Structure formats: structure tokens, C-alpha cells
Amino acid sequence: MTVFGIDFTSAPSSRKPITCVRTRFKGASLSFEELLHLHDFEAFEGLLAAPGPWVAGLDFPFGQARRLVENIGWPDSWAGYVAAVSRLDRADFRKVLEDYKRDRAPGDKQHKRTCDALTRSQSPQTLYGTPVALMFYEGAPRLLQAGVHLPCNHDGDRSRVALEVYPGIVARRLIGRTSYKNDSKRKQTAEQRRARRSLLAALTGKPGEDIYGFSIAAPPELAEDPGGDDLDALICAVQAAWGYSRADSDYGAPASLDRLEGWIADPGPR
């Protein structure tokens, strides 16, 4: 099975592309095959449209919190509210989120999905810092338009399967909270380089095999990108392969998942 790992950005460019690792999952082994850089959304859409079979792990929130969806009055299905979002331009989507939180009480402005709380990831309403809200805005409608299959969330072409993943879970499990990347050149350090090498060594060694149940082979060069995108894309592929290894049980989806919100593929906190 071809397994893609995709480190996403809401504004792809030649400087900061969407980074994709293509791997091959066979037996109990995941092997790196190719590193791809997608410099615009057209290239990303082309990858989603590529004939299957394949499975892809994508590092952006596929959904929003039920509380937000219900309070705003969006449709009560994933496809319904993602379609509604797709009809907004980027500025209007940002305004919807800003207007929503403006007069709400502290602590009740940005909501987390159940899977965000479990994995300690950001609220998918976040517009600043790492703007995962804009990643949702640019990513989720393209998944819907491409007709891919989202297990437990949206029935699509089952030869093209998309899973939400989150490399932060893996990094914390293998190297703790040690910083291993930074997009700003002036903040990139030798310590981060050592951390990336340690993370890759653990992932492709016995710790990674024990966690995910299969061996992982990848070149050491993936740890040399100071922004961490190459390594994160590999981690996305590992999480997607773990999901694929459980294809007969909804790709490893937890029994308690909220089908409106979505879920994150990983054997970690459920």
C-alpha cells in the first residue's frame, strides 16, 4: 500500500511548501520512497485526485468542535458544515471566528474537540501563531471536493483514504518536550538538530516499532531540515500506516469519537 505523510501549510509557496513523504507499507514494514514538495494548492489537489489505492496522513484539523458548529448554526454533518465553510472566502471565515469569540466569556472563546483535549493539540479555531483554523479552511474543503474517504466522518472513494494525524503526539512520546524545529532561521539551533536526529533514530528503531507494530525505514537526511517539515511528514506517514494496519476496525478510530468533530489516528491518548 502506498502511504503518504503530508505536513500541511495554509499558504504553500516555494519557501514553505506542503511537504509530502511517499512510503510503501508491506507486511510489517514501512519504507521511505520519495520526498515531494508541493508549492501550491493545485499540486496538492492533484495528489488528492491521484488514483488509489493509497492512504494519506495529513497534519491539519479536519473538523471543528461540536460546540462551535452548533452555536454558529452550521449543518450538523461534517460534509454539511465543511461545504458551508467552503462558500466563505478566507477573510469572511476569519471574521466568523473573530465575531464568535468577541463577546464570549474567558475560557469559552475557542473550543477544543475531544481529540484535541486528549492529544494536547490546539483548538481548530486558532488563527494566530500556528494558524490551524486557516489550515482547516484550506484543507478540509479540498478533502470534500476530492471525494476521498474519511473513516467515520465522510463516505468517499475507499481506495483513497485520508486520516487526520498529529506529529506532536509522537515527538512528545519519543523525546519529551524537547524543541526539535523552528521555521525562523535565527532560532534554529544545534540542539534542535540533535533532537531531530534522536527523534528519527527512536522512530526508526525499537521504540517506534514497539509503539506502532511495524518496522520503519527512512534515510537520516530527513532529520536535517531545520524547520522539521521533512521529519514531520515522515511521522504523518507512520501514523497513517498505523491506521491502515487497522483498516478492518475503522482505521483505529476510537469507539467514543464524535463523528461531527473527527479524530486523530494514533495509538496514543484515546
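So, a few notes on the structure that sits alongside this text.

**A look at the overall build of the chain**
- Across its full length, the chain carries 10 helices and seven strands.
- A compact globule built from 270 residues would reach a C-alpha radius of gyration of about 18 Å, and the chain, at 18 Å, matches this within 12%.
- In terms of its C-alpha atoms, the chain occupies a principal-axis envelope of roughly 50 × 45 × 35 Å.
- Of all 270 residues assigned to the chain, the portion counted as buried reaches 52%.
- Residue pairs at least 24 apart in sequence account for 66% of intrachain contacts in the chain once pairs closer than 6 positions are excluded.
- Total accessible area on the chain stands at roughly 11,800 Å², and carbon and sulfur atoms take up 49% of it.
- Charge-centre separation for the chain: the mean point of 36 positive side chains lies 5 Å from the mean point of 35 negative side chains.

**Observations regarding the sheet that holds strand β7 (residues 215-217)**
- As summarised here, the arrangement of the seven strands in space is β5-β6-β4-β1-β2-β3-β7, forming an open sheet in which the pairing is mixed. Since the sheet does not close on itself, it has two edges, and those belong to β5 (148-149) and β7, each with one partner.
- As paired elements, β5 and strand β6 (residues 157-164) share two bridges and run parallel to each other. What sits directly across from His 149, in β6, is Val 161.

**Focus on the environment of Thr 119**
- Mapped onto the secondary structure, Thr 119 falls in helix α5 (residues 114-119).
- When sequence neighbours within four positions are dropped, the list of residues in contact with Thr 119 reads Tyr 166, Ile 169, Arg 172, Ile 264 and Pro 269.
- One polar contact links Thr 119 to Ser 121, side chain to side chain, over a distance of 3.1 Å.

**Some thoughts on the layout of surface pockets**
- Put simply, the largest pocket is a space of about 790 Å³.
- Lining the largest pocket are 34 residues; nearest its centre among them are Asp 59, Gln 122, Thr 130, Val 132 and Met 135.
- Within the residue set of the lining of the largest pocket, elements represented by two or more residues are α6 (132-146), α7 (167-175) and α10 (229-244).
- Residues belonging to the lining of the largest pocket are distributed by class as follows: 13 nonpolar, nine polar and 12 charged.
- Taken together, 16 residues make up the lining of the second largest pocket; nearest its centre are Arg 15, Lys 16, Asp 225, Gly 227 and Asp 229.
- Class assignment of the residues belonging to the lining of the second largest pocket gives a composition of two nonpolar, seven polar and seven charged.

**A closer look at the pairing of strand β1 (residues 2-7)**
- Burial within β1 is extensive, with six of its six residues counted as buried.
- Here β1 shows no split at all, with Thr 2, Phe 4 and Ile 6 on one side and Val 3, Gly 5 and Asp 7 on the other all buried.
- One ladder, built from six bridges, connects β1 with strand β2 (residues 18-26); its direction is antiparallel. For Asp 7, the partnering residue across the bridge sits in β2 and is Thr 19.

**Digging into the side chain of Thr 23**
- Structurally, Thr 23 is set in strand β2.
- A polar contact of 2.8 Å, which involves the side chain of Thr 23, links it to the backbone oxygen of Val 3.

**Some thoughts on unusual backbone geometry**
- Here the residue pair Gly 52 and Pro 53 is connected by a cis peptide bond, since its omega of 5 degrees sits within 30 degrees of zero.
- Note on placement: Pro 53 falls in the loop between α1 (41-49) and β4 (54-58).
- Phi at Arg 120 is positive, roughly 60 degrees, even though this residue is not glycine.
- Mapped onto the fold, Arg 120 is located in the loop between α5 and α6.
- Given a relative accessible area of 52%, Arg 120 falls into the exposed group.
- The phi torsion at Cys 152 lies on the positive side, around 75 degrees, for a residue other than glycine.
- With respect to the helices and strands, Cys 152 occurs in the loop between β5 and β6.

**Quick look at the side chain of His 111**
- Locating His 111 in the fold gives a position in the loop between α4 (90-102) and α5.
- In contact with His 111, not counting residues within four places along its chain, are Ala 65, Arg 67, Leu 68, Asn 71, Tyr 100, Arg 104, Ser 123, Pro 124 and Gln 125.

**Regarding the packing of aromatic side chains**
- Scanning the model with the defined rule gives 11 aromatic pairs in all.
- Measuring from centroid to centroid gives 5.1 Å for Phe 60 and Phe 62, while their planes differ by 50 degrees, and the two rings are tilted. Grouping residues by exposure puts Phe 60 and Phe 62 together as buried.
- These aromatic residues form a ring-pair network of at least three members: Phe 8, Phe 41, Phe 44, Phe 60 and Phe 62.
- The ring centre of Phe 41 lies 3.9 Å from the NZ or CZ of Arg 142, which sits over that ring.

Thresholds applied
Residues numbered from 1 in each chain as written. Predicted model: local features only at pLDDT ≥ 70, side-chain atom pairs only at ≥ 80, totals over all residues. Heavy atoms only, no water. Helix = DSSP H or I, 4+ residues; strand = E, 2+ residues; numbered from the N terminus. Rg over C-alpha atoms; globule rule 2.2 N^0.38 Å. Buried < 20%, exposed > 50% of the residue type's maximum accessible area, 1.4 Å probe, protein only. Contact = heavy atoms within 4.5 Å. Areas by Shrake-Rupley, 256 points an atom, 1.4 Å probe, with all protein chains shown as cover. Lys, Arg positive; Asp, Glu negative; His and termini not counted. Charge placed at Lys NZ, Arg CZ, Asp CG, Glu CD. Pairing = 2+ DSSP bridges. Polar contact = N/O pair within 3.5 Å; in protein donor to acceptor, adjacent residues only side chain to side chain. 1 Å grid on protein atoms, 1.4 Å probe; cavity = no way out; pocket = protein on both sides within 12 Å on 5 of 7 lines; lining within 4 Å. Points joined across faces, edges and corners; volume = space filled by probe spheres on them. Nonpolar A, V, L, I, M, F, W, Y, C, P; charged D, E, K, R; others polar. Phe/Tyr/Trp six-rings, centres within 6.5 Å; stacked < 30°, edge-to-face > 60°. Lys NZ or Arg CZ within 6 Å of the ring centre and 35° of its normal.

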